[in-house]
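Below are the chains, spelled out letter by letter.
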Amino acid sequence: SHYPFKRRRTMATYNLHAPAGSFRAFKALIAAEYNGVDVKVEEPFNATKVKALSPTGKAPVLETKAGVVFESNAIARHIASLRRDTGLTGSTLYEEAAVDSWVDFGANEVELPASVWFYPVAGYMPFSAPAYEKSKADLAAALAIINDHLLDKTYLVGDQITLADICVVSALLYPMKLVCDKAYLKPFGNVVRWFQTCVNQPEFKAVVGSVTMCKKEMPAAGQEAPKAAAAGGGDAKKSKKKKKEKEADVEAPPAAVKKAEHPYKIMDKESPSTFNMDVWKKTYSNAKTYEEGMAAFWEMYDNEGYTLWYQNYNYNEENKRTFMTSNAIGGFQQRSDEVRKWAFGVMDVLGTEETVLEIKGVWLLRGDTTEHLCNANDDANWYTWTKLAGKGLAPTAEVKAQVAAFWCSENELEGKPIQDSKVFK
């Protein structure tokens, strides 16, 4: 880790005043996690006290023994600067300037369009079609700049997370969760890879929790009303009828979601399996040797209730850098969390940058289809899944050797060097 001393806490405690869930407060709180600084968020939020404390009367505001610090970037810089050994503000004079450049870029080019886009969705401001279109375009322009910068970089500055990453990721957090769907983000693959790398660090998770990327843009209240009215036509009665149907449609999904049960849960009830996934995962982790672990697996494997799949990425020719390909498999597994209870798999990056980098893996999934994994993680649709064993197909000696190779090999696989290997368990 770049932060061997991050768990050490400073003696001083700082009081932060900010509304619950404020992305502007996230900047300082994440920096505090990296630096081991105790920052207490005052609850409940007291707007009257903030007006008395801050010259601007706006949150967030930080109380220190020396005085009050206001404006979110200044607060974050202060917390990040309390320790130099963690490198949050940069390790050289140049890096310090570069960090400040990206912090300012985030404030000027990212926060405004991002907020204008997601604020109506969150109910903070009314929806405006012109503002909506402009904010999407402006944010895309900012993302294009970040995307180009990250072409050959893991982080914005240097080879570790800095305040630059923390501030820009914080500004993008809600848009990435609520409105920036896969189609919108398609041109910005480097941004997505970098964003997911950051938010899945323990220090980020401690503040913002697990981040689920937006699958479908969430509309703001009133956003679709003009379209519905235009499409309605006809007399007033038809218009009212369509409006009622529309309202019914809007109200129906929450009730359906509450009643819906995951297909795997239904499968467990209707067709119980003798295979215990939790026991297998513990066995895999604790076995003294790989041979011992695999022997235990085949003893407990239920060929009727579970299926083994060979996974191969459809676009391996696009994998140019090892670290980016490695981040891709990490992101894939993080986005598969919904089915973790019923799945186990190992994914590898094979080959070299000079030849070709391939993403391949072997997975164990409940049932006889990859459909539920694909529903949970859209990226699973970008892979070819070949059934190795399962209902109607007993595992052969060759398949057993293939499964063992993928789940146990550390140096070479399919005659190619293993650049990285990640276990989903």
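It should be emphasised that the depicted structure is a prediction, and the values quoted were computed from it without experimental measurement. (Residues numbered from 1 in each chain as written. Predicted model: local features only at pLDDT ≥ 70, side-chain atom pairs only at ≥ 80, totals over all residues. Heavy atoms only, no water.)

Engineer: With reference to specific residues and values, describe the confidence of the model for the chain.
Structural biologist: Low pLDDT means the predicted coordinates in that region are not meant to be read closely. The pLDDT averaged across the chain works out to 87; a share of 88% of its residues lies at or above 70. At the level of individual helices and strands, the chain shows its lowest average pLDDT in helix H10 (residues 225-232), which scores 38, and its highest in strand E5 (residues 306-313), which scores 97. Predicted confidence for residues 225-243 stays below pLDDT 50, and this span has one contact to residues more than four positions away or in other chains. Taken as a whole, residues 246-259 scores under 50 in pLDDT and shows one contact with residues more than four places along the chain or in a different chain. (pLDDT = per-residue confidence, 0-100. Helix = DSSP H or I, 4+ residues; strand = E, 2+ residues; numbered from the N terminus. Contact = heavy atoms within 4.5 Å.)

Engineer: Outline the sheet that holds strand E4 (residues 68-70), supporting the account with residue identities and numerical values.
Structural biologist: The mixed open sheet is built from four strands, whose spatial order is E2-E1-E3-E4. One side of each edge strand has no neighbouring strand; the edge strands of this open sheet are strand E2 (38-41) and E4. Neighbour to neighbour, the strand axes of the sheet diverge by 25° on average, direction disregarded. Taken together, the three bridges between strand E3 (residues 61-63) and E4 define a ladder with antiparallel strand orientation. Within E4, the residue paired with Leu 62 across the bridge is Val 69. Contacts between helix H3 (residues 72-81) and the sheet are confined to strand E1 (13-17), E2, E3 and E4, with E4 contributing the most and set at about 125° to the helix. (Pairing = 2+ DSSP bridges. Axes fitted to C-alpha atoms, helices over the stretch in contact; angles between N-to-C directions.)

Engineer: Tell me about the nonpolar core, residues and numbers included.
Structural biologist: Soluble, globular proteins show a tendency: their nonpolar side chains are buried together. Formed by 70 residues in total, the largest nonpolar core has its most connected members in Ile 146, Trp 194 and Phe 195. Counting residues per element, this core draws most heavily on helix H6 (residues 163-178), which supplies twelve residues. Trp 280, Tyr 301, Phe 344 and Trp 407 belong to the second largest nonpolar core, which has 25 residues in total. (Core = buried A, V, L, I, M, F, W, Y, C linked by side-chain atoms within 4.5 Å. Buried < 20%, exposed > 50% of the residue type's maximum accessible area, 1.4 Å probe, protein only.)

Engineer: I'd like a description of the side chain of Asp 181, backed by residues and values.
Structural biologist: Along the chain, Asp 181 falls in the loop between H6 and helix H7 (182-185). One buried charge, Asp 181, has no salt-bridge partner; the nearest side chain with opposite charge is Lys 136, at 6.8 Å. Once you skip the residues sitting within four places of it in the chain, Asp 181 turns out to touch Cys 214, Lys 215, Lys 216 and Glu 217. (Lys, Arg positive; Asp, Glu negative; His and termini not counted. Salt bridge = Lys/Arg side-chain N within 4 Å of Asp/Glu carboxyl O.)

Engineer: Outline the environment of Ala 47, supporting the account with residue identities and numerical values.
Structural biologist: Within the element layout of this structure, Ala 47 appears in helix H2 (residues 47-53). Between the alpha carbons of Ala 47 and Ala 59 there is a distance of 7.9 Å; along the sequence they are twelve residues apart.

Engineer: Give me the pattern of salt bridges: which residues, what numbers.
Structural biologist: Under the counting rule described, the total for this entry stands at 18 salt bridges. For the salt bridge of Glu 111 with Lys 27, the shortest nitrogen-to-oxygen distance reads 2.5 Å. Placement of the pair is Glu 111 in helix H4 (residues 93-122) and Lys 27 in helix H1 (residues 23-35), with a sequence separation of 84 residues. The shortest N-O distance in the salt bridge between Asp 104 and Arg 77 comes to 3.1 Å. Pair noted here: Asp 104 is in helix H4 and Arg 77 is in helix H3, with a separation of 27 residues, a long-range link. Taking the relative accessible area as the measure of exposure, Asp 104 reaches 37% and is therefore partly exposed.

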